[in-house]
Amino acid sequence: MTKPATYADAGVDIDAANRATEKIKELARATFNSRTLSEIGSFGGMFDGSFPDMRRPVLVASADGVGTKLKIAFATGIHNTIGRDLVNHCVNDILVQGARPLFFLDYIATGKLGPETVAAIVEGIANGCRENGCALLGGETAEMPGFYADGEYDVAGFIVGVVDQEKVIDGRDIVAGDVVIGLPSVGLHTNGYSLARKLFFEDAGYTPDSYLEELSETAGASLLKPHVSYLRTIEGLLDSGTIKGLAHITGGGLLDNLPRILPEGTSVEIQRGSWPVLPVFKLMQRIGRIEEAEMFRAFNMGLGMIIVCAEANASSIKSDIESGNEVCYEIGRVTSGDKRVTLV
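Residues numbered from 1 in each chain as written. Predicted model: local features only at pLDDT ≥ 70, side-chain atom pairs only at ≥ 80, totals over all residues. Heavy atoms only, no water.

1. Some thoughts on the overall build of the protein chain
Where we set the bar: By the criteria applied, helices consist of DSSP H or I runs no shorter than four residues and strands consist of E runs no shorter than two, each listed in order from the N terminus. To get the radius of gyration, use the C-alpha atoms; to get the globule rule, take the number of residues to the power 0.38 and multiply by 2.2 Å. Working definition: with a 1.4 Å probe on protein chains only, accessible area under 20% of the residue-type maximum means buried, over 50% means exposed, and in between means partly exposed. Here, two residues are considered to be in contact whenever any of their heavy atoms come within 4.5 Å of each other. Note that accessible areas follow from Shrake-Rupley with a 1.4 Å probe, and for residues the cover is restricted to the protein chains shown. Only four residue types enter the tally: Lys and Arg on the positive side, Asp and Glu on the negative side, with His and both chain ends excluded. Charged side chains are reduced to one point each, which is NZ for Lys, CZ for Arg, CG for Asp and CD for Glu.
Helix and strand counts for the protein chain come out as 11 helices and 12 strands. In terms of overall size, the protein chain behaves like a compact globule, its C-alpha atoms giving a radius of gyration of 22 Å where 344 residues would be expected to give roughly 20 Å. Seen along its three principal axes, the alpha-carbon backbone of the protein chain occupies a region of about 80 × 55 × 35 Å. Every one of the 344 residues in the protein chain was classed for burial, and the buried ones make up 49%. Long-range pairs, those at least 24 residues apart, make up 83% of the contacts in the protein chain between residues at least 6 apart in sequence. Of the roughly 15,900 Å² of accessible surface on the protein chain, a fraction of 49% belongs to carbon and sulfur atoms. Of the charged side chains in the protein chain, 31 are positive and 45 negative, and the gap between their average positions amounts to 2 Å.

Spelled out as structure tokens, the structure:
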């Protein structure tokens, strides 16, 4: 060697990381609130942990990613929406136990750090945090040369929320005769993308720029439709005591996610045709000649969140949701059984 080695020689650009950090600080500050006690760049994020309005506050935490939906972001060059998907997915995961979000942490890993791409990802994360009243408290950006393909990255999110113990929603009071209500999705959200990419890009030969008449948009635009947060839709119901159970419809679809909240001795019957199945699901089923049961395990089929309530409370819950110009569908009933979901 004729000159001293540097970290940059190994592919790690500390200066680029510092430039990205400055932009991240600016984006994160826009999510801060009066409970945020630290700045981005600290070794740890600090958040005020006092909850004077709660008798027994319970912290609810979750971690998740967005799977191979990232491949669609890579293919389209659109990086400022995937972070919002990440936040909304995590918000929904703690919402099912009645928790409202407090703060969020992110992890972004890439082979070669591009400050503009990282800033776009964090822009989406910050937008999601603001929309959900959640502080972006900190995170980690890792540059790992040789670990990821050029232009590719991975993201993960970590969320903490809070609920008063007496208002935890856990499904334990669900009984036969209860009503099942579905809240609509706008697309695949963040699940089923490995199969969707195979169907669209391998089997059908589409590209992300292919305009699909059945969807009235390009394949890329359809697959990048956002993961919806249901916090604002049902927040007014969380303290009412009328919701017995909530299920976030992610990987495994209705068939695998609803049983996670059912007590022993109960099952659910879902009425076919009781909600509109989105055109993107019909198109994929036709391309792959996929059986119905497989569709309902791989995709959300147009429903992103499920509410279970007593029959006596169904009308008031639907009225509350519809009063906010949102849509919901009564899709089935709880029956006696062994924690199965059946389409009828």
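2. Some details on helix α11 (residues 311-323)
What counts is decided by this rule: Helices are assigned an expected span. That span is 1.5 Å times one less than the residue count. Here the arc refers to the directions that run from the helix axis out to each C-beta atom.
In this model, α11 (13 residues) spans 19 Å end to end at C-alpha, consistent with the 18 Å of a helix rising 1.5 Å per residue. Where α11 is concerned, the buried positions are Ala-314, Ile-317, Lys-318 and Ile-321. Axial view of α11: buried residues confined to an arc of 100 degrees, hence all on one face. Facing away from the buried side of α11 by over 90 degrees, the exposed positions are Ala-312, Ser-315 and Ser-323. For α11, the elements touching its buried residues are β5 (179-184), α7 (231-234), β8 (243-248), β10 (303-309) and β11 (329-336). Among the residues trailing α11, Asn-325 stands out with phi positive, at a value near 60 degrees.

3. Notes on the packing of helix α5 (residues 193-203) against helix α9 (residues 279-288)
To keep things clear, this is the line we draw: Helix axes are fitted to C-alpha atoms over the stretch in contact, other axes to C-alpha atoms as well, and angles between N-to-C directions run from 0 to 180 degrees. Just so you know how the angles are binned, under 35 degrees is roughly parallel, over 145 roughly antiparallel, 65 to 115 roughly perpendicular, and the rest oblique. Helix crossings are classified by the rotation of the near helix relative to the far one: an anticlockwise turn of less than a right angle makes the crossing left-handed, while a clockwise turn makes it right-handed. Asp, Glu, Lys and Arg are counted as charged, while Ala, Val, Leu, Ile, Met, Phe, Trp, Tyr, Cys and Pro are counted as nonpolar; the rest, among them Gly, fall into the polar class.
Running from N to C, α5 and α9 point in directions that differ by 60 degrees, and their axes come no closer than 10 Å. When the axes of α5 and α9 are compared, the pair comes out oblique. Handedness of the crossing formed by α5 with α9: left-handed. For the pair α5 and α9, the contacting residues are Ala-196, Leu-199, Phe-200 and Asp-203 in the first and Val-280, Leu-283, Met-284, Ile-287 and Gly-288 in the second. When the residues that make up the contact of α5 with α9 are grouped by side-chain class, the tally is 7 nonpolar, 1 polar and 1 charged.

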